[in-house]
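# Structural overview for review
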Amino acid sequence: MTPLRPGLLPLTAEVGADDRLRVGGCDVVGLAAEHGTPLFVYDEAHLRSRAREAVAAFGDGATYAAKAFLCRAMAALVHEEGMGIDVASGGELHVALAAGVPAARLVLHGNNKSEGELARALSVGVGRIVVDSLDELDRIEALVAAGAPAPRVLVRITPGVEAHTHVYVMTGQADSKFGFGLASGAAADAVARAQASPAMDLVGVHAHIGSNVFLLSSFAQAVEVLADFVVPLGLPELVLGGGLGVAYVEGEDAPTISEWAAVLAKACAEAGISSRVAVEPGRAIAADAALTLYTVGTIKEVAGIRTYVSVDGGMSDNPRPVLYGSGYEAFLPRAVAAERPRSVRVVGKHCESGDVIVHQARVPTDLQVGDILATPVTGAYGHSMASTYNKVPRPAVVFVADGRARLVVRRETLDDLLRLDA
Ligand code: LLP
């Protein structure tokens, strides 16, 4: 029944006497009128504040996981705030470089880096490569033998810790396509091989236990498990991945970046780890910085069953409900403090029944066709996982700050949909 919890909105969100939402000093309904919908609205002050919090806690080791949301403006913003960037493909590498981020501030990830991706990373001089397989070690050695500069590398390890999260985004368990298993001895072999190789400089190990993890004790447990392996190596760096969870819906509460840092620091100290600790948060930087605005197109009452509210986007701009069963809230930016007694299902415009944005959304009674409806906490893995399914063009993205909205990704046009046809 109650209005949306303010904690799910970006930091600069404010509700005026007219009950309308402003973010970054911009009237949100006005943004929809100006830029069209669906629209991703990012609060720039929120992004900067999260990045600063990460840098304050981890210094040089604060690295933004670009997969959560990336465009040139985002890469430039996190770089300006002092974060490095984790790029997980040649494409992410390309965007970060195009944004002017120095290669030395980039870390290349991926369980199947191609020779081409590695060649570019070496030639531009990325700061670190996180090695994920023996085949990759072979490729790096061949490239260096052919004249490429030798990189600094970390070896990715799967510590065998099962984080409490969705099974699709769990990555620390032994049965994983990522990294080298600790228990099997594969990690020790990979480290020995990298150490012996003149084609690379091994500077540390890396472990990522999963994504959207709420329990800080899972991270502490990973540190404990890693310690016996890491301490005797005496390497200067330890990267503990990303994965800090965020609250998406009422009733959820996530730890802050500073709380995460404190738990990691304590766990490392207790385990006798003196390496510099780095992390790669994506979601915790970007998720609650943004909301998505949609226009309500149809409201269908299915007698005795439920009400379907269809919006002008859907699984093409937010596949998370379909992929992971993720929950979201919905509200009307024209009436933020309104009671929300009506239960509806918010669905997209795609040709499949699974195209649901919010299974049981609570909305004000007077919700009507033409309303701008918003879903908060859509800043991570929304736009970055967007598709053009059903040839629905991908939404635009604006950054708002100080009363101004800056278009950072333009809306895809119908002609863009033909761009790749040969
Ligand atoms: N570092 C590594 C090595 C990763 O694999 C990931 C996420 C991160 C950092 C960043 O994790 P974060 O801090 O954002 O949780 N599409 C899924 C999430 C997949 C994450 C994959 N790797 C979702 O929408 O929940």
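For clarity, every value in this text was computed on a predicted model and none was experimentally measured.

### Details of the packing of helix α4 (residues 90–98) against helix α5 (residues 115–124)
Working note: a packed helix pair is described by the angle between its axes plus the distance between those axes. Where α4 meets α5, the closest approach of the two axes is 10 Å, and the angle between their N-to-C directions is 30°. As judged from the angle between their axes, α4 and α5 are roughly parallel. Note that α4 runs across α5; the crossing there is left-handed. Contacts between α4 and α5 involve G90, L93, H94 and L97 from the former and E117, R120, A121 and V124 from the latter.

### Quick notes on the environment of P281
One can find P281 in the loop between β13 (276–278) and α10 (283–286). Its relative accessible area of 1% is what places P281 among the buried residues. Each C-alpha atom, one on P281 and one on G241, is 7.1 Å from the other, the two residues being 40 residues apart in sequence. For P281, the contacting residues outside a window of four places in its chain are T63, Y64, A65, M83, G242 and W260.

### Points about the packing of aromatic side chains
Applying the stated criterion across every chain, the model contains six aromatic pairs. Aromatic side chains Y42 and F399 sit 5.7 Å apart centroid to centroid with 55° between the ring planes, which places their arrangement in the tilted category. Remark: F399 occurs in strand β19 (residues 396–401) and Y42 occurs in strand β4 (residues 39–43); sequence separation between them is 357 residues. For the pair Y42 and F399, one class covers both residues: buried. Judged by centre distance (5.8 Å) and plane angle (65°), the rings of F58 and W260 are edge-to-face. Of the two residues, F58 is situated in helix α2 (residues 44–58) and W260 in helix α9 (residues 257–271); the sequence distance between them amounts to 202 residues. For the residue pair F58 and W260, the accessibility class agrees, reading buried in each case. What links up through ring pairs into an aromatic cluster is the set Y42, F69 and F399.

### Brief notes about the site of the ligand
Every one of the 20 residues lining the ligand counts as a neighbour, but S211, E280, R320, Y324 and Y381 are closest to it. Within the side chain of S211, a nitrogen or oxygen atom sits 2.4 Å from an oxygen atom of the ligand. Separating an oxygen atom of the ligand from a side-chain N or O atom of Y381 is a distance of 2.6 Å. When the ligand is considered free in solution it has 590 Å² of accessible area, and contact with the protein chains removes 91% of it. Tallied by class, residues from the shell around the ligand come to six nonpolar, eight polar and six charged. Each of domain 1 (6–43 + 287–418) and domain 2 (44–286) gives at least three residues to the shell around the ligand.

### Overview of the domain arrangement of the protein
The extent of an interface is frequently quoted as the accessible surface area lost upon association of the parts. Domain boundaries assigned for the protein yield domain 1 (6–43 + 287–418) and domain 2 (44–286). Once you take the C-alpha centre of each, domain 1 and domain 2 turn out to be 31 Å apart. On the domain 2 side, the residues contacting the 31 residues of domain 1 number 25 residues. Buried area between domain 1 and domain 2, both sides added, is near 2400 Å², and the carbon and sulfur share of it is 60%. With its nearest N and O atoms 3.4 Å apart, the salt bridge here joins E250 to R340. One can count 17 residue pairs in polar contact (both at pLDDT 80 or more) joining domain 1 with domain 2.

### Details of the nonpolar core
One finds Y64, M74, I129, L373 and F399 to be the most contacted residues of the largest nonpolar core, which totals 130 residues. Counting residues per element, this core draws most heavily on helix α8 (residues 216–233), at nine residues. Both domains that meet at this core, namely domain 1 (6–43 + 287–418) and domain 2 (44–286), each give it at least three residues. Ignoring sequence-local partners within four residues, the contact set of I129 consists of L108, K113, L118, A121, L122, E136, I140, P151, R152, V153 and L154. Counting residues in hydrophobic clusters, the runner-up holds six residues, among them V107, L154, V203 and V239.

### Quick notes on the sheet that holds strand β1 (residues 14–15)
Read from one edge to the other, the open sheet built from three strands follows the order β1-β2-β3, with strand pairing classed as antiparallel. Only two strands of the sheet have a single partner each, and these edge strands are β1 and β3 (26–27). Pairing between β1 and strand β2 (residues 21–23): two bridges, direction antiparallel. What sits directly across from E14, in β2, is R22.

### Structural notes on the pattern of salt bridges
This model, assessed by the stated rule, comprises 25 salt bridges. The salt bridge involving K67 is made with D86; its shortest N-O contact spans 3.7 Å. In this pair, K67 is assigned in the loop between β5 (63–65) and α3 (72–80) and D86 in strand β6 (residues 84–87), connecting sequence segments 19 residues apart. For D86, a relative accessible area of 1% puts it in the buried group.

### Description of unusual backbone geometry
With an omega of -10°, the peptide bond running from T37 to P38 counts as cis. Looking at the secondary structure, you find P38 in the loop between α1 (28–35) and β4. Phi at Y381 takes a positive value of approximately 60°, unusual for a residue other than glycine. Judged by relative accessible area, Y381 falls into the buried class, the value being 14%. Its identity as a non-glycine residue notwithstanding, K391 has a phi of 55°, on the positive side. You can see K391 is positioned in the loop between β18 (372–376) and β19.

Conventions adopted
- Residues numbered from 1 in each chain as written.
- Predicted model: local features only at pLDDT ≥ 70, side-chain atom pairs only at ≥ 80, totals over all residues.
- Heavy atoms only, no water.
- Axes fitted to C-alpha atoms, helices over the stretch in contact; angles between N-to-C directions.
- Helix = DSSP H or I, 4+ residues; strand = E, 2+ residues; numbered from the N terminus.
- Parallel < 35°, antiparallel > 145°, perpendicular 65-115°, else oblique.
- Left-handed = near helix turned anticlockwise from the far one by under 90°.
- Contact = heavy atoms within 4.5 Å.
- Buried < 20%, exposed > 50% of the residue type's maximum accessible area, 1.4 Å probe, protein only.
- Phe/Tyr/Trp six-rings, centres within 6.5 Å; stacked < 30°, edge-to-face > 60°.
- Near = heavy atom within 4 Å.
- Polar contact = N/O pair within 3.5 Å; in protein donor to acceptor, adjacent residues only side chain to side chain.
- Areas by Shrake-Rupley, 256 points an atom, 1.4 Å probe, with all protein chains shown as cover.
- Nonpolar A, V, L, I, M, F, W, Y, C, P; charged D, E, K, R; others polar.
- Domains from an automatic or database assignment.
- Buried area = accessible area lost by both parts, 1.4 Å probe.
- Salt bridge = Lys/Arg side-chain N within 4 Å of Asp/Glu carboxyl O.
- Core = buried A, V, L, I, M, F, W, Y, C linked by side-chain atoms within 4.5 Å.
- Pairing = 2+ DSSP bridges.

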